[in-house]
Amino acid sequence: MLGVWPLHGVAGSWGGIATGIFGQSFAGGLGGVSFKAQCAGTFAAIIFALVCGSVVYSLLKNTVGLRLTEEQELRGADLSIHNINANPEADIR
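Keep in mind that what you see is a predicted model, and the values were worked out from it rather than measured. (Residues numbered from 1 in each chain as written. Predicted model: local features only at pLDDT ≥ 70, side-chain atom pairs only at ≥ 80, totals over all residues. Heavy atoms only, no water.)

Caption draft 1: Representation of the overall build of the chain. The helix and strand tally for the chain stands at five helices and zero strands. Reading the chain from its N terminus to its C terminus gives the helix and strand order α-α-α-α-α. Rg of the C-alpha trace for the chain: 21 Å, well past the compact-globule value of 12 Å for 93 residues, more than 25% over. Structurally, the chain occupies a C-alpha span of about 60 × 40 × 15 Å along its principal axes. For the chain, the residues scored as buried account for 12% of the 93 residues in total. (Helix = DSSP H or I, 4+ residues; strand = E, 2+ residues; numbered from the N terminus. Rg over C-alpha atoms; globule rule 2.2 N^0.38 Å. Buried < 20%, exposed > 50% of the residue type's maximum accessible area, 1.4 Å probe, protein only.)

This is the structure:
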C-alpha cells in the first residue's frame, strides 16, 4: 500500500496508543488521558482510512484503471508515465 502505511499508519497508531500509556500519571505523565479512548480513536482512524482508501482505489480502478499496459510494463513506469530514466544523470552527459 504505497509507503504510506509504515510511516503514517504504524507510527501514527503507536503515537496514539503511546499517548494513552505514557499520559497516565503512574507512567510519569500528567494524567487525564484515557488509554481506552486513545485505543478506540486509533482503531477508528485505521478503519476509516481502510474504508476511504478502498473507496478511492475502487473508483480509480473502475474509471481510469490502475494497471499499465503490457508494453508500458516492459518499458517501465519511469519512462511510460514520467518520461524519465532511472539514472537521469545519464541524460545530462
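Caption draft 2: Broad picture of helix α2 (residues 35-63). Over its 29 residues, α2 runs 42 Å from end to end, which matches the ideal 42 Å to within 8%, given 1.5 Å per residue. Taken from the residues just after α2, Gly65 is the one with a positive phi, measuring 85°. (Expected span 1.5 Å × (residues − 1).)

Caption draft 3: Examining the pattern of salt bridges more closely. Counted according to the given criterion, the structure contains one salt bridge. Between Arg67 and Glu73 there is a salt bridge, and its shortest N-O distance comes to 2.4 Å. With relative accessibility at 39%, the residue Glu73 sits in the partly exposed group. (Salt bridge = Lys/Arg side-chain N within 4 Å of Asp/Glu carboxyl O.)

Caption draft 4: Quick peek at the packing of helix α1 (residues 4-22) against α2. Here α1 crosses α2 at 165°, and the two axes come no closer than 7 Å. The angle between α1 and α2 falls in the class roughly antiparallel. Crossing hand, α1 versus α2: right-handed. The residues of α2 that touch α1, namely those facing Trp5, Ser13, Gly16, Ile17, Thr19, Gly20 and Ile21, are Phe35, Gln38, Cys39, Thr42 and Ile46. Residue composition of the contact of α1 with α2, grouped by class: six nonpolar, six polar and no charged. (Axes fitted to C-alpha atoms, helices over the stretch in contact; angles between N-to-C directions. Parallel < 35°, antiparallel > 145°, perpendicular 65-115°, else oblique. Left-handed = near helix turned anticlockwise from the far one by under 90°. Contact = heavy atoms within 4.5 Å. Nonpolar A, V, L, I, M, F, W, Y, C, P; charged D, E, K, R; others polar.)

Caption draft 5: Highlighting the side chain of Ser13. Among the structural elements, Ser13 can be located in helix α1. In contact with Ser13, other than residues within four places in its own chain, are Trp5, His8, Thr42 and Ile46.

Caption draft 6: The arrangement of α1 in detail. Relative to the 27 Å expected for 19 residues at 1.5 Å per residue, α1 spans 25 Å between its end C-alpha atoms, a close match to the ideal helical length. Taken residue by residue, α1 has Gly9, Ser13, Gly16, Ile17, Ala18 and Gly20 as its buried positions.

Caption draft 7: Here's a closer look at the environment of Thr19. Of note, Thr19 is situated in helix α1. For Thr19, a relative accessible area of 38% corresponds to the partly exposed category. Each residue touching Thr19, except ones within four places of it in the same chain, is listed here: Val33 and Gln38.

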